[in-house]
Amino acid sequence: MKKTSVRSVDDIEAIINKYGDMLYRLCFIMLKKQSDAEDVVQETIIKYYQKAPIFENHEHEKAWLIRVATNQCHDLLRFRIRHPQVDDEYLAKISYDSSDSGIIEALTTLPEKYRIVLTLYYIEDYRIEDIAKIIKRTSSAVKMRLQKGRRLLEKVYREEYL
């Protein structure tokens, strides 16, 4: 059983400042919608506050937040499948930094299992072993997803943005 402690407003603020952007990027890439990504990050922070777990170190804390956020994203994606919505123009409303050359847009078109490993590996600089723990798969499964994800990303990018 995990120990818990009471979280203060300062603790929550520190977590948001430290991990908020990373969690938002991860959720946005998974969900492809700004408002949904913001909601999931907020729900993740609420769970952090309510559960108030004590962690061994900062990496364990970060992995816990990523796991909770990805679970929340999966829940929302399942909800979308059961309750379809019409809102396909969200990417047109979002302006990206021109330096990404369409990579983020191409990444958002990939299946979720590739998006998550590519995001954690290339954007968040996680090692393969750490990604395997976070997504609860083997290191070889992560390597395969990275390999297939790279091929898919290259194909999508070449077709759409070059």
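First things first, this report covers the structure right here in the doc. (Residues numbered from 1 in each chain as written. Predicted model: local features only at pLDDT ≥ 70, side-chain atom pairs only at ≥ 80, totals over all residues. Heavy atoms only, no water.)

## Quick look at the overall build of the protein chain
Then, number 1: Counting secondary structure elements, the protein chain contains eight helices and zero strands.
Then, number 2: Reading the helices (α) and strands (β) of the protein chain from amino to carboxyl end gives α-α-α-α-α-α-α-α.
Then, number 3: Counting across all 162 residues of the protein chain, residues that qualify as buried make up 41%. (Helix = DSSP H or I, 4+ residues; strand = E, 2+ residues; numbered from the N terminus. Buried < 20%, exposed > 50% of the residue type's maximum accessible area, 1.4 Å probe, protein only.)

## Observations regarding the pattern of salt bridges
Then, number 1: This model, assessed by the stated rule, comprises five salt bridges.
Then, number 2: Of the charged contacts, one joins Glu124 and Arg25 as a salt bridge, the two residues approaching to 2.9 Å between their closest N and O atoms. Placement of the pair is Glu124 in the loop between α6 (112–123) and α7 (128–135) and Arg25 in helix α1 (residues 9–31), with a sequence separation of 99 residues.
Then, number 3: Overall, Glu124 belongs to the buried group, its relative accessible area being 10%.
Then, number 4: Close ionic contact of Asp130 with Arg127 constitutes a salt bridge, the shortest N to O distance being 3.3 Å.
Then, number 5: Accessibility expressed as a relative area gives 21% for Asp130, which makes it partly exposed.
Then, number 6: Residue Arg127 is classed as exposed on the basis of its relative accessible area, which comes to 53%.
Then, number 7: It is possible to trace a salt-bridge network through shared partners that takes in Arg127, Glu129 and Asp130. (Salt bridge = Lys/Arg side-chain N within 4 Å of Asp/Glu carboxyl O.)

## Things to note about a positive patch on the surface
Then, number 1: Residues Lys113, Arg137, Lys148 and Arg151 make up a contiguous surface patch of positive charge.
Then, number 2: Within the fold, Arg137 resides in the loop between α7 and α8 (139–161). (Patch = residues over 30% accessible without salt bridge, like charges linked within 9 Å, V, L, I, M, F, W, Y side chains within 5 Å. Areas by Shrake-Rupley, 256 points an atom, 1.4 Å probe, with all protein chains shown as cover. Lys, Arg positive; Asp, Glu negative; His and termini not counted. Charge placed at Lys NZ, Arg CZ, Asp CG, Glu CD.)

## Considerations on α7
Working note: α-helix, 3.6 residues per turn, so residues spaced by three or four point in the same direction.
Then, number 1: Residues of α7 that are buried include every one of Ile128, Ile131, Ala132, Ile134 and Ile135, and no others. An end-on view of α7 places all buried positions within 165 degrees of arc, on one side of the element.
Then, number 2: Positive backbone phi, approximately 60 degrees, marks Lys136, located one or two places after α7. (Arc of directions from axis to C-beta.)

## Structural notes on the packing of aromatic side chains
Then, number 1: Throughout the structure, instances matching the rule amount to five aromatic pairs.
Then, number 2: Taking 4.8 Å as the distance between ring centres and 85 degrees as the angle between the ring planes, the aromatic pair formed by Tyr121 and Tyr122 counts as edge-to-face.
Then, number 3: Residue class for Tyr122 comes out partly exposed when judged on its relative accessible area of 44%.
Then, number 4: Through successive ring pairs, a cluster of aromatic residues spans Tyr48, Phe55 and Trp64. (Phe/Tyr/Trp six-rings, centres within 6.5 Å; stacked < 30°, edge-to-face > 60°.)

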